Amino acid sequence: MFSIQQLTEQGWKTKPGDLTDLTLDEARVRVRIVSAQCKGAYRVVDLDSLEMQCLWRDGQLLVDQSVPDDPPVAPENQSATFSSPRD
């Protein structure tokens, strides 16, 4: 579950009410709306790990860590084979 936090003078504060215990998709939609309407910095936080998933300010997405990066590409076996010219 996820919650939306607002940056205040005292630090990050969880918004009370319907902005806690959300799915990630619900939180991403609501944080976009809240940050545009209320102006300010807001983030979505995983309630289990307390890790930030995304950061919004004034309706603009600044950081998105909720979408996994593409899996790393495994390097191909590039063994060099040298052959001598045949006569």
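You'll find the structure just up there.
This structure is a prediction, so every number in the text was calculated from the model and none was measured.

**Student:** I'd like to hear about the overall build of the chain, residue by residue, with values.
**Tutor:** Across its full length, the chain holds one helix and five strands. Taken from the N to the C terminus, the helices and strands of the chain come in the order β-β-α-β-β-β. A buried classification covers 26% of the 87 residues belonging to the chain. Only carbon and sulfur atoms are counted for the fraction: they give 49% of the accessible area of the chain, which is about 6,700 Å².

**Student:** Break down the pairing of strand β3 (residues 41-46) for me, citing the residues and quoting the values.
**Tutor:** The buried fraction of β3 amounts to six of the six residues, a majority that puts the element mostly inside the structure. Judged by which residues are buried, β3 turns out to be covered on both faces: A41, R43 and V45 on one side and Y42, V44 and D46 on the other are all buried. Pairing analysis gives five bridges linking β3 to strand β4 (residues 52-57), with the strands arranged antiparallel. Looking at β4, one finds that V44 is bridged to C54. As consecutive antiparallel partners, β3 and β4 are separated by five residues, and within that stretch L50 has a phi angle of approximately 65°, a positive value.

**Student:** So, the sheet that holds strand β1 (residues 2-8): which residues are in play, and what are the values?
**Tutor:** Taken together, the five strands give an open sheet; going across it, the order is β2-β1-β3-β4-β5, and neighbouring strands pair in antiparallel fashion. Both edges of this open sheet fall to β2 (11-14) and β5 (60-64), since each of them pairs with a single strand only. Ignoring strand direction, the axes of neighbouring strands in this sheet form an average angle of 30°.

**Student:** An account of the pattern of salt bridges is needed here, citing residue identities and associated values.
**Tutor:** Opposite charge on two side chains permits pairing when their charged atoms draw close. Enumeration according to the criterion identifies two salt bridges in this entry. Across the pair R28 and D64 runs a salt bridge, and its minimum N-O distance is 3.1 Å. Here R28, found in helix α1 (residues 24-38), pairs with D64, found in strand β5; they are 36 residues apart in sequence, far enough to count as distant. Judged by its relative accessible area of 22%, R28 falls in the partly exposed class.

**Student:** Tell me about the nonpolar core, residues and numbers included.
**Tutor:** Listed in full, the eleven residues of the largest apolar core are F2, I4, L19, L22, A27, V31, V34, Y42, V44, C54 and W56. Elements that contribute at least two residues to this core include exactly β1, α1, β3 and β4. Among the elements that make up this core, the one with the highest residue count is α1 (three residues). Once you skip the residues sitting within four places of it in the chain, L22 turns out to touch M1, F2, I4, A27 and R30.

The rules we used
Residues numbered from 1 in each chain as written. Predicted model: local features only at pLDDT ≥ 70, side-chain atom pairs only at ≥ 80, totals over all residues. Heavy atoms only, no water. Helix = DSSP H or I, 4+ residues; strand = E, 2+ residues; numbered from the N terminus. Buried < 20%, exposed > 50% of the residue type's maximum accessible area, 1.4 Å probe, protein only. Areas by Shrake-Rupley, 256 points an atom, 1.4 Å probe, with all protein chains shown as cover. Pairing = 2+ DSSP bridges. Axes fitted to C-alpha atoms, helices over the stretch in contact; angles between N-to-C directions. Salt bridge = Lys/Arg side-chain N within 4 Å of Asp/Glu carboxyl O. Core = buried A, V, L, I, M, F, W, Y, C linked by side-chain atoms within 4.5 Å. Contact = heavy atoms within 4.5 Å.

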